[in-house]
Amino acid sequence: EAQVTQNPRYLITVTGKKLTVTCSQNMNHEYMSWYRQDPGLGLRQIYYSMNVEVTDKGDVPEGYKVSRKEKRNFPLILESPSPNQTSLYFCASSLNRDSYEQYFGPGTRLTVT
Amino acid sequence: DAKTTQPPSMDCAEGRAANLPCNHSTISGNEYVYWYRQIHSQGPQYIIHGLKNNETNEMASLIITEDRKSSTLILPHATLRDTAVYYCIVRPPGQSAGNKLTFGGGTRVLVKP
């Protein structure tokens, strides 16, 4: 089954404790991206990757890092999480830049205390 | 991206057709109309897209007016699982380097038994 998976689905952590949210897709997609979704603010893109070893900042990259060492994986790293990073995070993938259809993961609900 | 206007909410009876309108009066010639939906706290899901002609797939039909200033998403036989927020998006393919999706307010659809 074609899908995007994320882990963990739920995470409660404390300020400053490094964490990684994993994302993996099995569709051989070139494009992958991370979004966060907050009430009243909609979806905001954090980072995206056009292919292996190619990443770029989205609209809200501060406080986040990503890597794309393999085509299927695109982890999101929070080196020193802060409470304002409490949010619902989605990973997405698409075949390429012009793809109409984007596939989203199930989401990771992160709480930073 | 062209601005879209959708009603904030609507109810629909289970088994009946749900017609979701979207106004996009400032749409440009190369901009497509996309529809996504998001079931509560799940990842957004692509439904359908179109440029000029009406489109149909296994999930829904998309009717675009001749002047392209508005469109209607039709869910032919709504089920309780169709309860979600539906987003109408207008943009040209490949415009955004990150293939970024930006959701507006959407229409909250409640399918009732």
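Residues numbered from 1 in each chain as written. Chains lettered and ligands numbered in written order. Predicted model: local features only at pLDDT ≥ 70, side-chain atom pairs only at ≥ 80, totals over all residues. Heavy atoms only, no water.

Draft legend 1. View of the interface of chain B and chain A. Between chain B and chain A, the residue contacts involve 22 residues of the former and 22 residues of the latter. Summed over both sides, the interface of chain B with chain A buries roughly 1800 Å², with 48% coming from carbon and sulfur. If you look at where chain B meets chain A, you find one salt bridge. Applying the counting rule to chain B against chain A returns seven residue pairs in polar contact (both at pLDDT 80 or more). Elements supplying a minimum of two residues to the side of chain B that touches chain A: β3 (32-38), β4 (45-50) and β8 (84-91) of chain B. If one sorts the elements of the side of chain B that touches chain A by residue count, β3(B) sits on top with four residues. Residue classes in the side of chain B that touches chain A are distributed as ten nonpolar, ten polar and two charged. (Contact = heavy atoms within 4.5 Å. Buried area = accessible area lost by both parts, 1.4 Å probe. Salt bridge = Lys/Arg side-chain N within 4 Å of Asp/Glu carboxyl O. Polar contact = N/O pair within 3.5 Å; in protein donor to acceptor, adjacent residues only side chain to side chain. Helix = DSSP H or I, 4+ residues; strand = E, 2+ residues; numbered from the N terminus. Nonpolar A, V, L, I, M, F, W, Y, C, P; charged D, E, K, R; others polar.)

Draft legend 2. How the structure looks around the state of the cysteines. All names here are of chain B. Counted by the stated rule, this structure contains two disulfides over all chains. Residue pairing for C22: its cysteine sulfur links by disulfide to C88, the two sulfurs lying 2.1 Å apart. Across the disulfide from C22 to C88, rotation about the S-S bond amounts to roughly -80°, and the bridge is consequently left-handed. Of this pair, C22 sits in strand β2 (residues 18-23) while C88 sits in strand β8; the two residues are 66 residues apart in sequence, bridging distant segments of the chain. Its relative accessible area of 1% is what places C22 among the buried residues. A relative accessible area of 2% means that C88 is categorised as buried. Its sulfur unpaired, C12 is 18 Å from the next cysteine sulfur, which belongs to C22. (Disulfide = S-S within 2.5 Å. Buried < 20%, exposed > 50% of the residue type's maximum accessible area, 1.4 Å probe, protein only.)

Draft legend 3. Highlighting the sheet that holds β2(B). All names here are of chain B. Pairing is antiparallel across the open sheet formed by four strands, whose spatial order is β2-β7-β6-β5. Lying at the two open borders of the sheet, with one neighbouring strand each, are β2 and β5 (55-56). In this structure, strand β6 (residues 61-64) lies alongside strand β7 (residues 70-75), joined through four bridges in antiparallel fashion. When the sheet's bridge partners are listed, I64 is paired in β7 with S71. (Pairing = 2+ DSSP bridges.)

Draft legend 4. Spotlight on the side chain of A:S87. All names here are of chain A. One can find S87 in strand β9 (residues 87-94). One polar contact links the side chain of S87 to the main-chain carbonyl oxygen of Q37, over a distance of 3.1 Å. In this view, S87 contacts R36, Q37, D38, T108, R109 and L110; residues no more than four positions away in its chain are not counted.

Draft legend 5. Expanded view of the environment of B:R16. Residue and element names in this part refer to chain B. Position of R16 among the secondary structure elements: in the loop between β1 (9-13) and β2. Residue classification places R16 among the exposed positions, given a relative accessible area of 56%. Residues R16 and T79, spaced 63 residues apart in sequence, show a C-alpha to C-alpha distance of 8.4 Å. Discounting residues that sit within four places of it in the chain, R16 has contacts with L75, P76, H77 and A78.

Draft legend 6. Up close: the side chain of A:Q102. Within the secondary structure, A:Q102 is located in the loop between β9 and β10 (103-104). You can call A:Q102 buried: its relative accessible area is 3%. When sequence neighbours within four positions are dropped, the list of residues in contact with A:Q102 reads A:S33, A:Y35, A:A92, A:S93, A:S94, B:Y36, B:Y46, B:R91, B:N99, B:K100 and B:L101.

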